[in-house]
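Residues per chain are reported as follows:
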Amino acid sequence: MKIWEILQQTDAYCPPDWAESWDACGLQIGDTERDTEGVLVCLDVDDYSVSDAVVNRCGLILSHHPLLFDPVRVIDEATPEGRLIARIIRERLTVYSMHTNLDRIRGGVSDQLALRMGLEPGAPIAPYPPSDPGSDTPRTAGFGRICVPGSGLRMQELEMRANRLPGADGFFRNYRTDGPVTRIAVMGGSFPDEHLDDLVRLGCDALVTGEIGYHDMQKLGWRGIRVLAIGHAVSESPVLEP
């Protein structure tokens, strides 16, 4: 199958123009006219994922995090980055990234994290595109998800669910005592400070995310919002599962 035929389907599911303006989604390295016997899906393009692609005859690597953010001025094989890029080219692999667009779409990073934690993903924290002024119809796409669990859910239970995620190895939190949660914000990856006030506005009493700044976590604690930071990769890994 031609690589471009596969990318037509991924672009329809996860539109590249939904990515942030600063992002580097889309084709990173390679030739979309080549045939491939398989596709390797990963969070990061590194030596391990490249080796897996070669062994399993996958000519296309679909990554969440872009390998290339800044312009490449030289491919120096004396550096780890240069060796990796040179190896990808020698192995005739194609690398394609779906980053902030995969964060935004319905069924993307935050939806899958919520589902793996036994939560029903609802409206986004930050709709995309923003709702029209005066509209009371929430958009279904955007960063993060608001989840309203059944009665009786407590933070200790959320912690137990987080610890069962693949690769989980502890977490950071801004609270010391257990308590009930009624409106949970879920955002895979990093939680940006621009959405702190959104959590207050939306009436959230808990946040599950991959990582968040220390002082941002402190500010949310002052506002009565418990934060569970479970690790960047751990929070995004559910989107890779079939």
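What comes next concerns the included structure. (Residues numbered from 1 in each chain as written. Predicted model: local features only at pLDDT ≥ 70, side-chain atom pairs only at ≥ 80, totals over all residues. Heavy atoms only, no water.)

**Some remarks on the nonpolar core**
Next up, step 1: Formed by 19 residues in total, the largest nonpolar core has its most connected members in Leu119, Leu158 and Ile184.
Next up, step 2: Only helix 5 (109–116), helix 6 (155–163), strand 9 (184–190) and strand 10 (206–211) provide two or more residues apiece to this core.
Next up, step 3: Per element, the largest residue contribution to this core is 3 residues, and it comes from helix 6.
Next up, step 4: With residues up to four places along the chain from it excluded, the contact list for Leu119 reads Ala114, Cys147, Pro149, Leu153, Leu158, Arg161, Ile184 and Val186.
Next up, step 5: Of all hydrophobic cores here, the second largest spans 18 residues; its members include Ala126, Met217, Ile225 and Ala229. (Core = buried A, V, L, I, M, F, W, Y, C linked by side-chain atoms within 4.5 Å. Buried < 20%, exposed > 50% of the residue type's maximum accessible area, 1.4 Å probe, protein only. Helix = DSSP H or I, 4+ residues; strand = E, 2+ residues; numbered from the N terminus. Contact = heavy atoms within 4.5 Å.)

**Let's talk about helix 1 (residues 3–13)**
Next up, step 1: The set of residues buried in helix 1 consists of Ile3, Ile6, Leu7 and Thr10. Mapping the buried residues of helix 1 onto a view down its axis gives an arc of 95 degrees, with all of them on the same face. Residues of helix 1 that are exposed and point more than 90 degrees away from the buried face comprise Gln8, Gln9 and Ala12.
Next up, step 2: In this fold, the buried residues of helix 1 make contact with strand 2 (39–42), strand 3 (60–63) and strand 4 (94–97). (Arc of directions from axis to C-beta.)

**Things to note about the sheet that holds strand 4**
Next up, step 1: The 4 strands lie next to each other as 1-4-3-2, forming an open sheet whose pairing is mixed. In this open sheet, the two strands that pair with only one neighbour each are strand 1 (26–29) and strand 2. The sheet shows a mean angle of 25 degrees between the axes of neighbouring strands, direction not considered.
Next up, step 2: Relative to strand 3, strand 2 is paired through 4 bridges, and the arrangement is parallel. Across the sheet, residue Val39 finds its bridge partner in strand 3, namely Leu60.
Next up, step 3: Seen against the sheet, helix 1 touches strand 2, strand 3 and strand 4 and runs at an angle of roughly 20 degrees to strand 3.
Next up, step 4: Of the strands in this sheet, strand 2 and strand 3 touch helix 2 (residues 47–55), which is tilted by about 160 degrees from strand 2. (Pairing = 2+ DSSP bridges. Axes fitted to C-alpha atoms, helices over the stretch in contact; angles between N-to-C directions.)

**Focus on the packing of helix 2 against helix 3 (residues 80–90)**
Next up, step 1: The interhelical angle for the contact between helix 2 and helix 3, taken along N-to-C directions, is 10 degrees, at an axis separation of 11 Å. One finds that helix 2 runs roughly parallel with respect to helix 3. Our pair here, helix 2 against helix 3, has a crossing hand that is left-handed. Of the residues in helix 3, those in contact with Asp47, Val50 and Ser51 of helix 2 are Leu84, Arg87 and Ile88. (Parallel < 35°, antiparallel > 145°, perpendicular 65-115°, else oblique. Left-handed = near helix turned anticlockwise from the far one by under 90°.)

**Some remarks on unusual backbone geometry**
Next up, step 1: One non-glycine residue, Arg57, lies in positive phi territory at about 55 degrees.
Next up, step 2: With respect to the helices and strands, the residue Arg57 is situated in the loop between helix 2 and strand 3.
Next up, step 3: One non-glycine residue with positive phi stands out, namely Arg92, at about 60 degrees.
Next up, step 4: Of note, Arg92 is situated in the loop between helix 3 and strand 4.

**Regarding the side chain of Gln28**
Next up, step 1: If you trace the backbone, Gln28 turns up in strand 1.
Next up, step 2: Looking at Gln28, the relative accessible area reads 15%, which means it is buried.
Next up, step 3: A polar contact is formed between the side chain of Gln28 and the backbone nitrogen of Leu68, at a distance of 2.6 Å.
Next up, step 4: Discounting residues that sit within four places of it in the chain, Gln28 has contacts with Pro66, Leu67, Leu68, Val95 and Ser97. (Polar contact = N/O pair within 3.5 Å; in protein donor to acceptor, adjacent residues only side chain to side chain.)

**A short note on a nonpolar patch on the surface**
Next up, step 1: A cluster of nonpolar residues, Val39, Val41 and Leu240, forms a patch on the protein surface that exposes about 200 Å² of accessible area.
Next up, step 2: Along the chain, the position of Leu240 falls in the segment after helix 9 (232–236).
Next up, step 3: Given the relative accessible area of 31%, Leu240 is considered partly exposed. (Patch = residues over 30% accessible without salt bridge, like charges linked within 9 Å, V, L, I, M, F, W, Y side chains within 5 Å. Areas by Shrake-Rupley, 256 points an atom, 1.4 Å probe, with all protein chains shown as cover. Salt bridge = Lys/Arg side-chain N within 4 Å of Asp/Glu carboxyl O.)

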